[in-house]
There are 2 protein chains.
Amino acid sequence: MTTGTETLRSPVQRAMEVCPVEVSMAVLGGAWKLSAVKYLLERTHRFGELQRRLGTVTPRTLTRVLRDLEADGIVVRTVYAEVPPRVEYSLTDLGRSLDQVVGWLNAWGDAYPRPVD
Amino acid sequence: MTTGTETLRSPVQRAMEVCPVEVSMAVLGGAWKLSAVKYLLERTHRFGELQRRLGTVTPRTLTRVLRDLEADGIVVRTVYAEVPPRVEYSLTDLGRSLDQVVGWLNAWGDAYPRPVD
DNA sequence: CTGAATCCCATAGGATACTG
DNA sequence: CAGTATCCTATGGGATTCAG
């Protein structure tokens, strides 16, 4: 399985020099990224759909997040030549391989202990 | 299970407003963090041991990483009143609960496709 | 040995406004 | 609708030096 890209983003490159877990974090770390993947595991989404489901993300940030995920081979972006424009985001095989991980991270974060008042 | 702390770091607080996976990333995201946890899952480490095993981390950064993990209830720091000083880092129950996740993220990062030359 | 102090820079990510 | 463009700030993280 390949990413479909020839050049890796520099954070991912640097992570590879250190440890496999760092590679995972270089690809998946950062705000909104795993939430977006979580929704895309559910089904294909349009840009506006993702924005609404994420709640408070700005279009600029969401664009960057999706572009990174695309560059890292997680997401595929499909543009339809229509008016008004329609762009759909879905997961690659590599993206779908995150199913288990996302499930566990979601469960772990959900069980994360809230401090007592 | 509680963190032992009363106040959460602000990134974690903000993540809680969004999604459980964001909580996980707020706690585990960032350079060196998961690598440190990975080694601590193996056994207790002294500061210098961790530094050497991580390879190129600076003491300043490693200190911040460990302090964050401590504040988030993942790591416990034990200071021995000796000369020269000895400080040992180990995992809390919450930290050990990351065993599976770290294993999976390590495997996923290891299998992450390198681009063809 | 285990940091703290200081300095520095790049990046992440929000706010706001605009466009094909 | 799906972004760009511009501006801004906070913070993450490295380099280097110093200290108990």
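To start, this report covers the structure provided alongside it. (Residues numbered from 1 in each chain as written. Chains lettered and ligands numbered in written order. Predicted model: local features only at pLDDT ≥ 70, side-chain atom pairs only at ≥ 80, totals over all residues. Heavy atoms only, no water.)

**Some points on the protein's contact with DNA strand D**
Logical step 1: DNA strand D sits among 21 residues. The nearest are A:Arg67, A:Arg77, A:Tyr89, B:Ala31 and B:Thr61.
Logical step 2: Here A:Arg46 contributes a side-chain N or O atom positioned 2.8 Å from a phosphate oxygen of DNA strand D.
Logical step 3: Within the backbone of A:Val87, an N or O atom sits 3.4 Å from a phosphate oxygen of DNA strand D.
Logical step 4: Contributions of two or more residues to the surface near DNA strand D are made by helix H4 (47–54), helix H5 (59–71) and strand S3 (86–91) of chain A together with helix H5 (59–71) of chain B.
Logical step 5: Broken down by element, the residue count for the surface near DNA strand D peaks at four residues, all from H5(A). (Near = heavy atom within 4 Å. Polar contact = N/O pair within 3.5 Å; in protein donor to acceptor, adjacent residues only side chain to side chain. Helix = DSSP H or I, 4+ residues; strand = E, 2+ residues; numbered from the N terminus.)

**A few points about the environment of A:Val75**
Residues and elements named next belong to chain A.
Logical step 1: Tracing the backbone shows Val75 in strand S2 (residues 75–80).
Logical step 2: In this structure Val75 comes out as buried when scored by relative accessible area, which is 2%.
Logical step 3: As for Val75 and Thr92, which are separated by 17 residues in sequence, their C-alpha atoms are 5.5 Å apart.
Logical step 4: Beyond its immediate stretch of four places on either side in the chain, Val75 contacts Leu40, Leu69, Glu70, Tyr89, Ser90, Leu91 and Thr92. (Buried < 20%, exposed > 50% of the residue type's maximum accessible area, 1.4 Å probe, protein only. Contact = heavy atoms within 4.5 Å.)

**With respect to the layout of surface pockets**
Logical step 1: Approximately 590 Å³ is the volume attributed to the largest pocket.
Logical step 2: Along its surface, the largest pocket is lined by 24 residues, and A:Gly29, A:Gly30, B:Met25, B:Gly29 and B:Gly30 are the ones closest to its centre.
Logical step 3: Breaking the lining of the largest pocket down by element, the ones donating at least two residues are helix H1 (10–16) and helix H2 (20–28) of chain A together with helix H1 (10–16) and helix H2 (20–28) of chain B.
Logical step 4: Tallied by class, the residues present in the lining of the largest pocket amount to 14 nonpolar, five polar and five charged. (1 Å grid on protein atoms, 1.4 Å probe; cavity = no way out; pocket = protein on both sides within 12 Å on 5 of 7 lines; lining within 4 Å. Points joined across faces, edges and corners; volume = space filled by probe spheres on them. Nonpolar A, V, L, I, M, F, W, Y, C, P; charged D, E, K, R; others polar.)

**A few points about the protein's contact with DNA strand C**
Logical step 1: Close to DNA strand C lie 20 residues; A:Ala31, A:Thr61, B:Arg60, B:Arg77 and B:Tyr89 are nearest.
Logical step 2: Here a phosphate oxygen of DNA strand C and a side-chain polar atom of B:Arg67 are 3.0 Å apart.
Logical step 3: Here B:Tyr89 contributes a side-chain N or O atom positioned 2.6 Å from a phosphate oxygen of DNA strand C.
Logical step 4: Elements supplying a minimum of two residues to the surface near DNA strand C: H5 of chain A together with helix H4 (47–54), H5 and strand S3 (86–91) of chain B.
Logical step 5: Sort the elements by how many residues they give to the surface near DNA strand C and H5(B) lands first, with four residues.

**Brief notes about the relation of the copies chain B and chain A**
Comparison of the two chain copies shows a relationship of rotation about an axis with a shift along it.
Logical step 1: The operation relating chain B to chain A is a screw motion whose rotation component is 180°, with 0.0 Å of axial translation and a residual RMSD of 0.0 Å. On this basis, the relationship between the two copies can be described by a two-fold rotation axis. Of every C-alpha in chain B, the one belonging to B:Gly29 sits nearest the axis of rotation, 2.7 Å from it.
Logical step 2: When you check the interface residues of chain B against chain A, 100% turn up at the interface there too, and the contact is symmetric in its surfaces. (Least-squares fit on C-alpha atoms with pLDDT ≥ 70 in both.)

**Regarding the nonpolar core**
If you look at soluble globular proteins, the nonpolar side chains tend to sit buried side by side.
Logical step 1: Residues A:Ile74, A:Tyr112, B:Ile74 and B:Tyr112 are the most contacted members of the largest nonpolar core, which totals 72 residues.
Logical step 2: Sequence-distant contacts of A:Ile74, defined by excluding residues within four places in its chain, comprise A:Val27, A:Val37, A:Leu69, A:Ser90, A:Leu91, A:Thr92, A:Leu94, A:Gly95, A:Leu98 and B:Trp108. (Core = buried A, V, L, I, M, F, W, Y, C linked by side-chain atoms within 4.5 Å.)

**Focus on the pairing of S3(B)**
Residues and elements named next belong to chain B.
Logical step 1: Where strand S1 (residues 45–46) and S3 come together, two bridges link them in antiparallel fashion. Directly across from Arg46, in S3, lies its bridge partner Glu88.
Logical step 2: With six bridges joining them, strand S2 (residues 75–80) and S3 adopt antiparallel strand pairing. Its bridge partner lying in S3, Val75 is registered against Leu91. (Pairing = 2+ DSSP bridges.)

**Digging into the side chain of B:Asp72**
Logical step 1: Position of B:Asp72 relative to the elements: it lies in the loop between H5 and S2.
Logical step 2: Separated by 2.7 Å, the side chains of B:Asp72 and B:Arg9 make a polar contact.

**Comments concerning the packing of H2(A) against helix H3 (residues 33–42) of chain B**
Logical step 1: Their axes nearest at 8 Å, the elements H2(A) and H3(B) cross at an angle of 145°. Seen along the crossing, H2(A) lies across H3(B) with a hand that is right-handed. Contact residues: A:Pro20, A:Val21, A:Glu22 and A:Met25 in H2(A); B:Lys33, B:Leu34, B:Ser35 and B:Lys38 in H3(B). (Axes fitted to C-alpha atoms, helices over the stretch in contact; angles between N-to-C directions. Left-handed = near helix turned anticlockwise from the far one by under 90°.)

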